Amino acid sequence: MLADAALPCPCGTGRPYGKCCGMWHAGPRHLQAPDAQALMRSRYSAYVLDLVEYVRDTWHPDTRPPHIDPNPPGLKWLGLEVKRHVVQDDTHALVEFVARSRLQGKGQRMHETSRFVKENGRWFYVDGVVD
């Protein structure tokens with residue numbers, strides 16, 4: 001389910017969804033985020049919106065799981081904070097973030113440093129270390 005293009009983007013930039021992550025989720029450009037941070041933000045928004053195919057398509061084929069489950073009933077995503085974006089070279093980057101959610105009234109916090117790689121002009125999520 002795509003969000004209303006005029007609503008604030010779930011990734012927290014303050015920009016409208018249609019001019020932020022929505023550009024990567026819809027249309028022929030959906031797999032071409034310009035950098036690792038934009039891809040990470042679009043993946044967070046895809047989790048919020050239950051766009052599991054987008055999450056899967058932006059996962060590197062070498063580490064991609066065979067199936068991604070949709071959000072469990074009652075899960076509410078509360079926000080994303082990008083701590084840092086480190087460009088290691090032209091084809092490798094790290095993004096550290098904290099994603100907050102609530103499930104059945106219990107708050108959750110995921111702090112991850114994710115690795116990204118660029119292949120054939122496209123950025124992919126490779127894996128991450130959760131703190």
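Definitions and cut-offs
- Residues numbered from 1 in each chain as written.
- Predicted model: local features only at pLDDT ≥ 70, side-chain atom pairs only at ≥ 80, totals over all residues.
- Heavy atoms only, no water.
- UniProt positions renumbered as here; feature names shortened; annotations may be inferred.
- Phe/Tyr/Trp six-rings, centres within 6.5 Å; stacked < 30°, edge-to-face > 60°.
- Helix = DSSP H or I, 4+ residues; strand = E, 2+ residues; numbered from the N terminus.
- Buried < 20%, exposed > 50% of the residue type's maximum accessible area, 1.4 Å probe, protein only.
- Pairing = 2+ DSSP bridges.
- Axes fitted to C-alpha atoms, helices over the stretch in contact; angles between N-to-C directions.
- Contact = heavy atoms within 4.5 Å.
- Polar contact = N/O pair within 3.5 Å; in protein donor to acceptor, adjacent residues only side chain to side chain.

As annotated in an unreviewed UniProt entry, the chain carries the name UPF0225 protein BAU06_18390 and is attributed to Bordetella bronchialis. A UniProt comment under Sequence similarities (unreviewed entry) is attached to the chain, and it reads "Belongs to the UPF0225 family."

### Brief notes about the packing of aromatic side chains
For the coordinates displayed, the defined rule picks out four aromatic pairs. On the numbers, 5.1 Å between centres and 85 degrees between planes, the contact of Trp59 with Tyr125 is edge-to-face. Residue Trp59 is found in the loop between α3 (52–57) and β1 (75–89), and its partner Tyr125 is found in strand β4 (residues 122–130); the two are separated by 66 residues along the sequence. Just as Trp59 is buried, Tyr125 falls in that class too. The interplanar angle of 70 degrees and the centroid separation of 5.7 Å between the aromatic rings of Phe116 and Tyr125 together place this pair among those described as edge-to-face. Like Phe116, the residue Tyr125 is buried in the burial classification.

### Observations regarding the pairing of strand β2 (residues 92–103)
Summarising the sheet, β1 and β2 pair through 12 bridges and their orientation is antiparallel. In the sheet register, Glu81 faces β2, and the bridge partner there is Val98. Counted along the chain from β1 to the antiparallel partner β2, the turn is two residues long. Taken together, the 12 bridges between β2 and strand β3 (residues 106–119) define a ladder with antiparallel strand orientation. Pairing of Leu103 across the sheet is with Lys106, part of β3. Taking the residues between adjacent antiparallel strands as the criterion, β2 and β3 are bridged by two residues, where Gln104 takes a positive phi near 50 degrees.

### Describing the sheet that holds β3
The four strands lie next to each other as β1-β2-β3-β4, forming an open sheet whose pairing is antiparallel. Strand pairing shows two members of the sheet lacking a second neighbour, β1 and β4, which therefore form its edges. In this sheet, neighbouring strand axes are inclined to one another by 25 degrees on average, regardless of whether the strands run parallel or antiparallel. Bridge analysis of β3 against β4 gives eight bridges, and the strand direction is antiparallel. Along β4, the bridge assignment pairs Lys118 with Trp123. Relative to β1, helix α2 (residues 36–48) is tilted by about 165 degrees, and along the sheet it contacts β1, β2, β3 and β4.

### Considering the side chain of His25
One can find His25 in helix α1 (residues 21–25). Taking the relative accessible area as the measure of exposure, His25 reaches 10% and is therefore buried. At a separation of 2.6 Å, a polar atom in the side chain of His25 contacts the side chain of Tyr17.

### Notes on the environment of Lys106
Assignment of secondary structure puts Lys106 in strand β3. Given a relative accessible area of 58%, Lys106 falls into the exposed group.

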